[in-house]
Amino acid sequence: MDTFLFSFFTVAYIVLFVLGLLLFRTYHIQSILLLLPVMVGLIYDNGIIAIGRYIGAGTLLEGLNLARFWIHALFTPMLVLYAWKTLEQGEVLWAKQSLGRISAFLLTVSLVLIELFTEVFGLNLVASVEYGVLSYSSNEISNGPPIMVLGVSLVLFVASIIIWRKQKWPWFFVGSLLMIIGSAVGLPIESGAVINFFELALISSLLCTAYFQNKRGTRKTG
């Protein structure tokens, strides 16, 4: 079942990536450009997990899984830049100032470094089979969501509230809230892929938010 779900998520993110690429080429929406690398990471992450059992345990699959952790650490914090760009496009004054821009970049770099030093450097991977899916993961017991994920989630959530209040667009908030709920609440379902539905809802809401802001800006200038 999970092999099918991870395959579904891979295809879904490919569709979103192509859609995002077309929107960027057509409308030059800058926030989408910051979202595309995150989508690439999610395509890779879900794809490698989906085909893991077909590759089989060994150094090849271990290396491919190690790349998942590096991509996650380098690309996911870019959602902070997406949040800042969304606020800038939403005409939030402090986000348009140099201090807001510099703060967003510094926070992004800080979260990348935190993830690398706490989760990636010195990582020891072991093969495991869960719900029919073969992958390599850390052999250390997790003490909860990593700092980077919490930081990114908080930034997106706060930004979504600001956009909702300023532009009357609730879907950014809905996507962020669903992601937080999905990460915090353990669902009584025998699957390691179900939480990815919340992640897919988040990314979809971010793409829709970028398109909404572009159309809103077009109406104002048209």
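The following refers to the structure shown. Not measured: the values here are computed from a predicted model.

With that settled, consider the packing of helix 4 (residues 78-89) against helix 7 (residues 147-167). Interaxial distance between helix 4 and helix 7 falls to 9 Å at its minimum, and their mutual angle equals 15°. The angle between the axes of helix 4 and helix 7 places the two elements in the roughly parallel class. Considering the relative orientation of helix 4 and helix 7, their crossing is left-handed. Across the interface between the two elements, Leu79, Val80, Tyr82, Ala83, Thr86, Leu87 and Gln89 from helix 4 touch Val152, Val155, Leu156, Ala159, Ile162, Ile163 and Gln167 from helix 7. Residues belonging to the contact of helix 4 with helix 7 are distributed by class as follows: 11 nonpolar, three polar and no charged.

A few words now on the pattern of salt bridges. This model, assessed by the stated rule, comprises four salt bridges. The salt bridge partner of glutamate 88 is lysine 85, with a shortest N-O separation of 2.5 Å. Within this pair, glutamate 88 and its partner lysine 85 are both found in helix 4, separated by three residues, close to a single helical turn. Pair check on accessibility: glutamate 88 and lysine 85 agree, each one buried. Notably, a salt bridge pairs arginine 101 with glutamate 88, separated by 3.6 Å at the nearest N-O pair. In this pair, arginine 101 is assigned in helix 6 (residues 98-120) and glutamate 88 in helix 4, connecting sequence segments 13 residues apart. Judged by relative accessible area, glutamate 88 falls into the buried class, the value being 14%. The network of salt bridges with shared partners includes Lys85, Glu88 and Arg101.

Orientation of helix 2 (residues 30-55) relative to helix 4, taken along the N-to-C sense of each, is 165°, at an axis distance of 9 Å. By the criterion of interaxial angle, the relationship of helix 2 to helix 4 is roughly antiparallel. The two elements helix 2 and helix 4 meet at a crossing, and its hand is left-handed. From helix 2, Gln30, Ser31, Leu34, Leu35, Pro37 and Val38 reach across to helix 4, where they touch Met78, Leu79, Leu81, Tyr82, Lys85, Thr86 and Gln89. Its residues assigned to classes, the contact of helix 2 with helix 4 shows eight nonpolar, four polar and one charged.

Our next topic: the pairing of strand 2 (residues 133-138). Two elements, strand 1 (residues 125-130) and strand 2, share six bridges in a ladder whose sense is antiparallel. By the bridge assignment, valine 129 is partnered in strand 2 with leucine 134. The hairpin turn running from strand 1 into strand 2, its antiparallel successor, is two residues long, and tyrosine 131 in that turn takes a positive phi close to 55°.

Quick notes on the rules
Along each chain, numbering runs from 1 in the same order as the chain's sequence is written. pLDDT decides what is reported in this predicted model: residues at 70 or higher carry local features, side-chain atom pairs at 80 or more are listed and counted, and totals for whole chains, interfaces and linings draw on all residues regardless. To obtain the side-chain values, all non-hydrogen atoms of the structure were used and water was disregarded. Only the stretch in contact is used when a helix axis is fitted, and all axes are lines through C-alpha atoms; the angle between N-to-C directions ranges over 0 to 180 degrees. A run of DSSP states H or I qualifies as a helix once it reaches four residues; a run of E qualifies as a strand once it reaches two. Both are numbered from the N-terminal end. Note on terminology: angles under 35 degrees are roughly parallel, angles over 145 are roughly antiparallel, angles of 65 to 115 are roughly perpendicular, and the others are oblique. Two helices crossing with the near one rotated counterclockwise from the far one by less than a right angle form a left-handed crossing, whereas a clockwise rotation gives a right-handed crossing. Whether two residues are in contact is decided by their heavy atoms: any pair within 4.5 Å suffices. Lys, Arg, Asp and Glu make up the charged group, whereas Ala, Val, Leu, Ile, Met, Phe, Trp, Tyr, Cys and Pro make up the nonpolar group; the residues left over, Gly among them, are polar. Just to be clear on terms, a salt bridge is a Lys or Arg side-chain nitrogen sitting within 4 Å of an Asp or Glu carboxyl oxygen. Burial status follows relative accessibility: with a 1.4 Å probe on protein chains alone, a residue under 20% of its type maximum counts as buried, one over 50% as exposed, and anything between as partly exposed. Between any two strands, at least two bridges found by DSSP are needed for them to pair.

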